[in-house]
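Chain and residue survey
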Amino acid sequence: QVQLVESGGGLVQAGGSLRLSCEASGRTFSRYTMGWFRQAPGKEREFVAAISSGAVTYYVDSVKGRFTISRTNAKNTVYLQMNSLKPEDTAVYYCAADLMAREFLYSEISGYDYWGQGTQVTVSL
């Protein structure tokens, strides 16, 4: 069983920045592929970014150049640095963990075994 706890969400003006954190339980965090997804009201949950155990990163096109995913294995934590935020980035952001090293499924909800409770990010004009 892995528990994921997100933090760092909030309200920010367009053009601003936020850093999300996700702390995971478990002693083999370094082996997990970690992902961030988001879900806006009335929309399906969508992939945002992922980082493999080898620190290879993946992003959806809409956030490339603005968001950066990183991890600190010593702290069992993955981060999502979000810059140049836009109103369309408004959503609940979820952290997810893939314990099976299915890196080829990094953008798929089915590729993850555990999910956090989500943290709200609201970007105003």
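Our subject is the structure that appears above.
Our subject in this report is the structure included herewith. Quick caveat: nothing in here was measured; it's all calculated off a predicted structure. (Residues numbered from 1 in each chain as written. Predicted model: local features only at pLDDT ≥ 70, side-chain atom pairs only at ≥ 80, totals over all residues. Heavy atoms only, no water.)

Counting residues in hydrophobic clusters, the biggest one holds 27 residues, and the most contacted among them are Met34, Trp36, Val78, Leu80, Met82 and Tyr93. For this core, the secondary-structure elements that each account for two or more residues are strand E3 (18–24), strand E4 (33–39), strand E5 (46–51), strand E7 (67–72), strand E8 (77–82), strand E9 (91–98) and strand E11 (119–124). If you look at the next biggest cluster of nonpolar residues, it comprises six residues, including Phe47, Ala50, Ala96 and Tyr112. (Core = buried A, V, L, I, M, F, W, Y, C linked by side-chain atoms within 4.5 Å. Buried < 20%, exposed > 50% of the residue type's maximum accessible area, 1.4 Å probe, protein only. Helix = DSSP H or I, 4+ residues; strand = E, 2+ residues; numbered from the N terminus.)

Buried residues dominate E8, accounting for five of its six residues. In this sheet, E8 lies alongside E3 in antiparallel orientation, the contact comprising six bridges. Looking at the pairing, Leu18 lines up with Met82 of E8. As paired strands, E7 and E8 are joined by six bridges and run antiparallel to one another. Paired with Thr72 across the strands is Thr77, a residue of E8. In this antiparallel pair of consecutive strands, E7 and E8, the connection spans four residues, and Asn76 shows a positive phi of 50 degrees. (Pairing = 2+ DSSP bridges.)

Let's shift gears to the sheet that holds strand E1 (residues 4–7). With antiparallel pairing, the four strands of this open sheet are ordered in space as E1-E3-E8-E7. Edge strands, defined here as strands with exactly one partner in the open sheet, are E1 and E7. The mean angle between the axes of side-by-side strands here comes to 15 degrees, regardless of whether they run parallel or antiparallel. (Axes fitted to C-alpha atoms, helices over the stretch in contact; angles between N-to-C directions.)

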